[in-house]
Amino acid sequence: MSYLSDLDLERLPRHVAIVMDGNGRWAKQRGLARTEGHAAGEEALFDVVDGALDIGLEWLTVYAFSTENWKRPPSEVRYLMYFNRRLLQRRRDELHERGTRIRFAGRVSDWRVPRSVLKEMDEAAELTKHNRRMTLTIAFNYGGQTEIVDAVKTLLEDHDRGKLKGERITPESIASRLYFPDMPEADLLIRTGGEMRISNFMLWRAAYSELWFTPVHWPDFGRDNLYEAIRDYQKRDRRFGRIEDQ
Ligand code: IPE
Ligand code: IPE
Ligand code: MG
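Cut-offs applied
- Residues numbered from 1 in each chain as written.
- Chains lettered and ligands numbered in written order.
- Predicted model: local features only at pLDDT ≥ 70, side-chain atom pairs only at ≥ 80, totals over all residues.
- Heavy atoms only, no water.
- Near = heavy atom within 4 Å.
- Polar contact = N/O pair within 3.5 Å; in protein donor to acceptor, adjacent residues only side chain to side chain.
- Areas by Shrake-Rupley, 256 points an atom, 1.4 Å probe, with all protein chains shown as cover.
- 1 Å grid on protein atoms, 1.4 Å probe; cavity = no way out; pocket = protein on both sides within 12 Å on 5 of 7 lines; lining within 4 Å.
- Sits in = over half its atoms within 2 Å of the grid points.
- Helix = DSSP H or I, 4+ residues; strand = E, 2+ residues; numbered from the N terminus.
- Nonpolar A, V, L, I, M, F, W, Y, C, P; charged D, E, K, R; others polar.
- Points joined across faces, edges and corners; volume = space filled by probe spheres on them.

A.B. asks: Just give me the short version of the site of ligand 2, but keep the residues and values in it.
C.D. replies: Residues in contact with ligand 2, as listed here, are V19, M20, D21, Y63, A64, F65, S66, N69, R72, R191, R197 and S199. Interatomic distance of 2.9 Å between a side-chain N/O atom of N69 and an oxygen atom of ligand 2. Within the contact set of ligand 2, an oxygen atom lies 3.3 Å away from a side-chain nitrogen or oxygen of R191. For ligand 2, whose unbound accessible area comes to 390 Å², protein coverage reaches 77%. Taken atom by atom, the bulk of ligand 2 overlaps the largest pocket. Counting residues per element, the shell around ligand 2 draws most heavily on strand β2 (residues 59-66), which supplies four residues. Counted by class, the shell around ligand 2 contains five nonpolar, three polar and four charged residues.

Below you can see the structure in the form of structure tokens.
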């Protein structure tokens with residue numbers, strides 16, 4: 001069943017952010033290793049990215065590895081470290097041809113991230129930086145709190161250099177120092193895998209996100225699920241603190 005027909009393409013969310021969760025449980029249910037769940041999850045991502053491009057979504061951000069995921073067993077962490085490389089080796093040129101700007105948000109140059117992976121990420125970001133059809137941001141070694149901490153650090157440096165006075169600090173002072181200041185607020189935040197929590201994703205830009213949860217594990221998620229979420233989003237009344245019809 002396709003939900004595409006019900007979508008109002010004139011009223012798409014500008015920015016969809018996704019917590020891709022449930023890979024491990026998907027694998028366990030099938031008697032497979034957790035890494036097999038992650039491999040299946042990569043296929044799901046391809047379908048969602050293609051589906052997003054097909055409808056003309058402008059910003060798609062996906063959570064691939066959190067600052068807390070280092071606490072997992074070393075073999076799983078190692079597999080997840082190579083997620084970006086596998087993705088880029090398989091899809092970089094095609095995504096480039098389809099006008100996708102690829103970016104990585106997080107503490108990407110952490111010493112624990114393999115250099116070969118980092119190089120591939122840098123090259124992909126450089127190659128695609130002028131593309132404007134869609135921006136695909138991969139949140140990698142990303143934590144929402146860490147992102148705010150990093151913004152506050154540069155804010156303090158500017159303050160110490162006399163460039164900014166304490167009383168002039170506004171939410172915009174933080175927003176303009178996040179990993180990508182040009183990234184718009186997340187309009188729709190999707191989490192798969194049944195958990196109803198944020199797990200440190202997009203804290204700043206999720207302030208007024210519409211939340212959409214599904215029990216579907218990420219490897220079983222596809223473009224139709226994305227369209228279903230967007231269709232539900234289009235029925236929501238976003239008030240931003242105001243009252244209806246104001
Ligand atoms: C999401 O799936 C992928 C990452 C966190 C990288 P999980 O690996 O968290 O899967 P579950 O939640 O254990 O099922
Ligand atoms: C969030 O999922 C992180 C990613 C999807 C990359 P987790 O599986 O790490 O979150 P918790 O542990 O269930 O909160
Ligand atoms: Mg999980």
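A.B. asks: Which residues make up the site of ligand 1, and what values do they have?
C.D. replies: Inspection of the region around ligand 1 gives 13 residues, with D21, G24, R25, R34 and R72 positioned closest. Here an oxygen atom of ligand 1 sits 2.7 Å away from a polar atom, N or O, in the main chain of R25. About the coverage of ligand 1: the protein hides 87% of its 380 Å² of free accessible area. A molecule is said to occupy a pocket when more than half its atoms come within 2 Å of that pocket's grid points, and by this definition ligand 1 occupies the largest pocket. Elements supplying a minimum of two residues to the shell around ligand 1: α1 (23-29), α2 (34-55) and α3 (74-81). For the shell around ligand 1, the per-class residue count stands at three nonpolar, five polar and five charged.

A.B. asks: Now, about empty space enclosed by the protein: what can you tell me, with residues and values included?
C.D. replies: A full pass over the atoms with the stated rule returns one cavity of 30 Å³ or more. Taken as a whole, the largest cavity holds about 50 Å³ of empty space. Along its surface, the largest cavity is lined by T61, A105, A139, Y142, E147, Y179, F180, M183, M202 and R205. For the lining of the largest cavity, the residue count by class is seven nonpolar, one polar and two charged.

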